[in-house]
Structures are given as structure tokens and as C-alpha cells.
Amino acid sequence: VQLQASGGGLVRARDSLRLSCAASGRALSTYDMGWFRQAPGKEREFVASVNWSGDLTYYADSVKGRFAISRDNRKSWVYLQMDSLKPEDMAVYYCAARARYSGTRTDLSSYASWGQGTLVTVSS
């Protein structure tokens, strides 16, 4: 599956932003999906995941209660709604796909397909 992330931009602290990830190729329902981020000088880290059907979600503690991941398998889109943004959320955000039930949802190496990343900048 090919992935393309979009929706990043420059926002102020406490603003909201929605990231989108368009999937093409194989049916999106074949995959569990995740969002990761990488801040300058830091390792890429897990943000959120959603299972293939959309009824199971999981979040990093740092974004729990502020971010929401969702998906639309019919339209082949995955979303990350980000509310109450903080300067520490500033990073390049990546969507990623892993085969259903495979690997570990928080582990980068479990995801075989990655989008190109979209930059989120949060000013204080």
C-alpha cells in the first residue's frame, strides 16, 4: 500500500489540526494503521494506532485525551485529529501501515509501509 500524509502546518499552542493519510494500492481494511512523529534531533516515536476495522485505538500517553485517530476504509483515508496542541507536539508526522494482527502497534519495525511525512509546527 502507498501512503501520503497531508494536513500539516503552522499553528499556535492550543489550536487544532487534522492530519490526513491517503492510501492507495491494496484495500485499506487489510491493514492496521498508525501515526508516528519525529521531532528534530529525536527518534521517531509512536503517537496513535487504529486496528483494521476502526474500533480499537491506542495512544501514547503524551497525546491521550488530545488526539484522536480514525479511519474510513471505504474512502481509504486515515485521520489524526489533534486538539490542544503544545509546542512539544511539533514534529514531522508519519502515517504507517502494518498487516492485520502483525507485530506490535507501537513498534516502528512492525510497520512495512510509510507515508512521506507532514510537518506540524506549533508556536507558543
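Residues numbered from 1 in each chain as written. Predicted model: local features only at pLDDT ≥ 70, side-chain atom pairs only at ≥ 80, totals over all residues. Heavy atoms only, no water.

With that out of the way, let us pick up the overall build of the protein. Scanning the protein from N- to C-terminus turns up zero helices and 11 strands. Ordered by position in the sequence, the α and β elements of the protein form the string β-β-β-β-β-β-β-β-β-β-β. A compact globule built from 124 residues would reach a C-alpha radius of gyration of about 14 Å, and the protein, at 13 Å, matches this within 12%. When burial is assessed residue by residue, the protein has 44% of its 124 residues classed as buried. Considering only intrachain contacts with a sequence separation of at least 6, the fraction spanning at least 24 residues in the protein is 57%. When the accessible surface of the protein is split by element, carbon and sulfur atoms take 46% of a total near 6,500 Å². Across the protein, the 16 positively charged side chains and the 11 negatively charged ones have centroids separated by 4 Å. (Helix = DSSP H or I, 4+ residues; strand = E, 2+ residues; numbered from the N terminus. Rg over C-alpha atoms; globule rule 2.2 N^0.38 Å. Buried < 20%, exposed > 50% of the residue type's maximum accessible area, 1.4 Å probe, protein only. Contact = heavy atoms within 4.5 Å. Areas by Shrake-Rupley, 256 points an atom, 1.4 Å probe, with all protein chains shown as cover. Lys, Arg positive; Asp, Glu negative; His and termini not counted. Charge placed at Lys NZ, Arg CZ, Asp CG, Glu CD.)

Within the secondary structure, Asp72 sits in strand 7 (residues 67-72). Exposure remark for Asp72: the relative accessible area of 23% places this residue in the partly exposed category. For the pair Asp72 and Arg44, spaced 28 residues apart in sequence, the C-alpha to C-alpha distance is 25 Å. Apart from the residues within four sequence positions on either side, Asp72 is in contact with Leu28, Trp77 and Tyr79. For Asp72, the side chain forms a polar contact with the main-chain nitrogen of Lys75, separated by 3.1 Å. (Polar contact = N/O pair within 3.5 Å; in protein donor to acceptor, adjacent residues only side chain to side chain.)

With that settled, consider the packing of aromatic side chains. Here the structure, examined in full by the defined rule, presents seven aromatic pairs. Considering the side-chain rings of Trp77 and Tyr79, the 6.2 Å spacing of their centres and the 5° angle between planes classify their relative orientation as stacked. With a relative accessible area of 15%, Tyr79 lands in the buried category. Where Tyr94 meets Trp114, the ring centres are 6.4 Å apart and the plane angle is 75°; that geometry is what we call edge-to-face. (Phe/Tyr/Trp six-rings, centres within 6.5 Å; stacked < 30°, edge-to-face > 60°.)

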